[in-house]
Amino acid sequence: MRISVLGLGYVGCVSAACLASMGHEVIGVDVNQVKVDLVNDGKAPVVEERIGELIAEVVRTGALRATRDVREAIMGSEVSLVCVGTPSEPNGSLCTTYLERVTEQIGAALAARGERGGRGGRHTVVFRSTMLPGTCLNLLVPILEKSVGGTAGVDIGVAVNPEFLREGTSVRDFFDPPKTVIGELDPASGDAVAALYDGLPGEVFRVPIPTAEAIKYADNAFHGLKIGFANELGAVCQALGVDSHQVMDVFLADRKLNISPAYLRPGFAFGGSCLPKDLRSLVHAAQRADVSVPILAHVLPSNSDHLQRAVDLVERTGKRRVGLFGLSFKPGTDDLRESPLVQLAEVLFGKGYDLRIHDANVSLSRLLGANREYIETRLPHLAQLLADSVDEVLEHAEVCLVGTRDPAVVSALPHGDGPVIVDLIRLPDAEARRAEPGYLGLAW
């Protein structure tokens, strides 16, 4: 394919060289004449493993050249990869100045070549720059359509294709990607992007454009969280005289719970007899040792904030009769110790809501020991709140909070008219319910 790559920083330079090495005809574009001259001389404008020899080879064969002229590049290509920077503004917000400018330039070039007439086939604009969800559809697409005088997805292809290249190993990452993500405005736009990477390994995800924009942020936030977590834990271990690397060797060996999809699906707050208690103890030990652990110290407050989101959803309905399905901290048990559902019930009851609760595994007469002591302290009125059946709760409630996947509950929940459904656990049919009035997902 004939490709223009706009922006010859790390991402653009590596993308241009690697795509050229795969047999594509690539034109690199940058406002910096020094970068353009370096590329045309067969030299890399960035320091990166393997990039020097790769650029020398593809320039020598004529597969890659560079220019400052956006119009020239657009005229000579069928796909444009936008790889310009999106730095932080002083207040932390995303700077989209370069994205807006290059989008206007692409649009003007497409208008000049008569894009609506289809000369040379439909051009596809692919945004590879990191940008927040909504940036492409709400900001860049209108700029492009205005500049071209056409309709995105009809006259012009548009896609978002985030990169997952690490500086230092970016060439290796390009040819062996962890995944390829294509946010497509329409199938033809997605097809054009998929064709760029034909033959590369890894799973390909074709998703809506806002999803593709968000994935890069999910990745980077988690990477930062992992590094911060490891460093904080290391500092605590050092203060307690423990070899942190031995601890993490064992931690990383657990592929069932630790390094796995476990606990990484948005849902309700966590609770139980272990997680809250152990987090408190670890943070307290760090504080006694004068070790600052801001990430660990804010896990429990974050959990409380998430629980409050459920309360806020109920409050926004303006209704007072509430049903709660589920009470134990984990399905299939009657353990109520530090259950977030018990805390939710406590808050709602304290705010004066007319509450009914059903959990098939919870019977007040069967609660013993610490379990009974906990509930008597936190929710002493439980006996008058518990309902014997799902139907009893449904007949009472104007708002139903669903904190269990009990088949008896799921099958009984009405569709359409009926109580407002506040889904705390993402019901199996949540995707269909999201289109219905009266359905509220906690984090989806």
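The following refers to the structure shown.

What counts as what
- Residues numbered from 1 in each chain as written.
- Predicted model: local features only at pLDDT ≥ 70, side-chain atom pairs only at ≥ 80, totals over all residues.
- Heavy atoms only, no water.
- Pairing = 2+ DSSP bridges.
- Helix = DSSP H or I, 4+ residues; strand = E, 2+ residues; numbered from the N terminus.
- Axes fitted to C-alpha atoms, helices over the stretch in contact; angles between N-to-C directions.
- Contact = heavy atoms within 4.5 Å.
- Expected span 1.5 Å × (residues − 1).
- Buried < 20%, exposed > 50% of the residue type's maximum accessible area, 1.4 Å probe, protein only.
- Arc of directions from axis to C-beta.
- Lys, Arg positive; Asp, Glu negative; His and termini not counted.
- Salt bridge = Lys/Arg side-chain N within 4 Å of Asp/Glu carboxyl O.
- Polar contact = N/O pair within 3.5 Å; in protein donor to acceptor, adjacent residues only side chain to side chain.
- Parallel < 35°, antiparallel > 145°, perpendicular 65-115°, else oblique.
- Left-handed = near helix turned anticlockwise from the far one by under 90°.
- Core = buried A, V, L, I, M, F, W, Y, C linked by side-chain atoms within 4.5 Å.

**Brief notes about the sheet that holds strand 10 (residues 354-358)**
Pairing is parallel across the open sheet formed by five strands, whose spatial order is 10-9-11-12-13. What marks the edges here is a single partner per strand, and that holds for strand 10 and strand 13 (439-441). Direction aside, neighbouring strands of the sheet carry axes that sit 20 degrees apart on average. Summarising the sheet, strand 11 (residues 399-402) and strand 12 (residues 420-423) pair through four bridges and their orientation is parallel. Looking across to strand 12, one finds that Val 399 is bridged to Val 420. Here helix 14 (residues 340-350) sits on the sheet and contacts strand 9 (321-325), strand 10 and strand 11; the angle it forms with strand 9, its principal contact strand, is near 170 degrees.

**Section: helix 11 (residues 275-288)**
Taking 1.5 Å of rise per residue, 14 residues should cover 20 Å, and helix 11 covers 20 Å from first to last C-alpha, within 8% of that figure. Within helix 11 the residues assigned to the buried category are Pro 276, Leu 279, Val 283 and Ala 286. Down the axis, helix 11 shows its buried residues gathered within 95 degrees of arc, on one side only. Once helix 11 ends, the next one or two residues include Asp 290, with phi positive near 60 degrees.

**A short note on the side chain of Arg 128**
Checked against the element boundaries, Arg 128 lands in the loop between strand 5 (124-127) and helix 6 (135-148). The side chain of Arg 128 is buried and forms no salt bridge, while Glu 163, the nearest opposite charge, is found at 5.9 Å. Separated by 3.2 Å, the side chains of Arg 128 and Ser 15 make a polar contact. Only 2.9 Å separates the side chain of Arg 128 from the side chain of Asn 161, close enough to count as a polar contact. Leaving out residues up to four positions away in the same chain, Arg 128 has contacts with Val 11, Ser 15, Leu 81, Val 82, Cys 83, Asn 161, Pro 162, Glu 163, Leu 165, Phe 174 and Tyr 197.

**What about the packing of helix 9 (residues 209-239) against helix 10 (residues 244-253)?**
Contact geometry for helix 9 and helix 10: axes closest at 9 Å, N-to-C directions at 130 degrees. Here helix 9 is positioned oblique relative to helix 10, judged by the angle of their axes. Every pair of crossing elements has a handedness; the one defined by helix 9 and helix 10 is right-handed. When helix 9 is examined against helix 10, the residues Phe 229, Leu 233, Gly 234 and Cys 237 are found in contact with a partner set consisting of Ser 244, Val 247, Met 248 and Phe 251.

**Quick notes on the nonpolar core**
Formed by 37 residues in total, the largest nonpolar core has its most connected members in Leu 19, Val 26, Ile 51, Leu 64 and Leu 81. It is helix 1 (residues 10-21) that provides the largest number of residues to this core, a total of eight residues. In this view, Leu 81 contacts Ile 3, Ser 4, Val 5, Leu 6, Leu 19, Val 126, Arg 128 and Leu 196; residues no more than four positions away in its chain are not counted. If you look at the next biggest cluster of nonpolar residues, it comprises 31 residues, including Val 314, Leu 355, Val 362 and Leu 379.

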